[in-house]
Amino acid sequence: MRDKFIKDRSLKNYYDDRFFVVKDSKKLEVEGSEFEAEILALKDAQILNSYIEFNTLVVFINKEQNLKALKALKEFGYECLSELSGVDFESDKGGIEVFYQLLSIEHKRRVRVKCFVKDGDFLESVCELYKSARWAERELYDMLGVLIKNHPNLKRILMPDDWYGHPLRKSYPLQGDERAKWYEIDKIFGREYRDEFGEENRDSSFVDSKDTFNFSRLYHETYYGEERPDKAYLQEYQEEGGVALVKHLKRDKFKNIKRQERK
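Residue indices follow the written sequence of each chain, beginning from 1 at its first position. A pLDDT threshold of at least 70 governs which residues receive local features in this predicted model, and a stricter bar of 80 or more applies before side-chain atom pairs are shown or counted, although totals over entire chains, interfaces and linings include all residues. Excluded from the side-chain calculations are hydrogens and water; all other atoms, namely the structure's heavy atoms, are used.

A. Representation of the overall build of the protein chain in the model. Secondary structure counts use DSSP, requiring at least four H or I residues in a row for a helix and at least two E residues in a row for a strand, with both numbered from the N terminus. In terms of regular secondary structure, the protein chain is built from six helices and seven strands. Helices and strands in the protein chain line up, N terminus first, as α-α-β-β-α-β-β-β-β-α-β-α-α. For every residue, the accessible area (1.4 Å probe, protein chains only) is compared with the maximum for its type, and the residue is labelled buried under 20%, exposed over 50%, or partly exposed between those bounds. When burial is assessed residue by residue, the protein chain has 30% of its 263 residues classed as buried. In this description, contact between two residues means that some pair of their heavy atoms is separated by no more than 4.5 Å. Contacts in the protein chain between residues at least 24 apart in sequence constitute 45% of all its contacts with a sequence separation of at least 6.

So, in structure tokens, the structure goes:
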């Protein structure tokens, strides 16, 4: 029993057959189910397909009707947008399949609304219906590149503003991304220090917890090039005397820090 927990399960393949394909889940007819009322509530939206999967009603609609469909479902009782994201079908269909996962606490049921957005097309924002969509739509844009129309602040939320590409797209390189490999070195120190630091280690499977050159460790900090202390020491992370609050900014007494002080 003890060996069961000691053994590194990550070293074993999840499937023995590398070409194994998971069977499609069972899909049930909506007619005669408890979800007929939801279909009736969506009478003004053009439904392309619908079925029940894992006790959830799945509805496909045109992307132009996402706002209308979600508004009808919210008025019906789906008061919570619990998840919003997309699946990359760029190679097969040339775009992203976006889904909205809705929850009705009143009816104790879930609905998933899906629509397809081709590359370069805009999808109407649903922020006016669900506040949780504000961050979720920004992530949809940041990670998958779906353009959201009428979003109040459509900008990256996870990656830096000047990042190139959308990391959750299947076309995004897993290896050989020169921009990602040198991004922080170039930003913080400059391209001239590439040889001194080396490329960034972004592969978490190769993270060395004792590597203080690439990964900081609280209470074990050292100057660059010096040996890391084995024992933790008390380190004050605030300025001596505490952090001063800036009540009135004096523009004639500011100081520009152009480069990190190096030893």
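Right, picking up where we left off after that structure.
B. Region of the structure containing the side chain of Glu38. For Glu38, the position within the fold is in helix H2 (residues 36–41). With relative accessibility at 0%, the residue Glu38 sits in the buried group. Only 2.6 Å separates the side chain of Glu38 from the side chain of Tyr78, close enough to count as a polar contact. For this analysis, a polar contact is any N or O atom pair within 3.5 Å, provided that within protein one partner can donate a hydrogen and the other can accept it, and provided that sequence-adjacent residues contribute only side-chain to side-chain pairs.

C. Spotlight on helix H4 (residues 133–144). Expected helix span is computed as 1.5 Å times (number of residues minus one). Here H4 is twelve residues long and its end C-alpha atoms lie 15 Å apart, about the 16 Å a rise of 1.5 Å per residue gives. Buried residues of H4: Ala133, Ala136, Glu137, Arg138, Leu140, Asp142, Met143 and Leu144, and no others. Where H4 is buried, its residues contact strand S3 (80–89), strand S4 (95–104), strand S6 (122–124) and strand S7 (147–149). One or two residues past the end of H4 sits Gly145, with phi positive at roughly 80 degrees.

D. Up close: the sheet that holds S3. A strand pair is defined by DSSP finding two or more bridges across the two strands. Reading across from one edge, S1-S2-S5-S4-S3 is the order of the five strands in this open sheet, with mixed pairing throughout. Only two strands of the sheet have a single partner each, and these edge strands are strand S1 (47–53) and S3. Averaged over all neighbouring strand pairs, the angle between strand axes comes to 20 degrees, with direction disregarded. On the sheet, H4 packs against S3 and S4 and is oriented at approximately 10 degrees with respect to S3. Structural elements are reduced to axes, namely lines fitted to C-alpha atoms, with helices fitted over the stretch in contact, and the angle between N-to-C directions of any two is expressed from 0 to 180 degrees.

E. Looking closely at the environment of Ser132. Mapped onto the fold, Ser132 is located in the loop between S6 and H4. Take Ser132: its relative accessible area is 40%, and that puts it in the partly exposed class.

F. Representation of the pattern of salt bridges within the structure. In what follows, salt bridge is the name for a side-chain nitrogen of Lys or Arg lying within 4 Å of a carboxyl oxygen of Asp or Glu. Considering all chains together, one arrives at ten salt bridges under this definition. A salt bridge links Lys63 to Glu64, with the nearest nitrogen and oxygen atoms 3.3 Å apart. What makes Lys63 buried here is its relative accessible area of 15%. Among the residues examined, Glu64 registers a relative accessible area of 59% and is labelled exposed. Linking Lys187 and Asp162 is a salt bridge whose minimum nitrogen-to-oxygen distance equals 2.9 Å. Remark: Asp162 occurs in the loop between S7 and helix H5 (178–188) and Lys187 occurs in helix H5; sequence separation between them is 25 residues.

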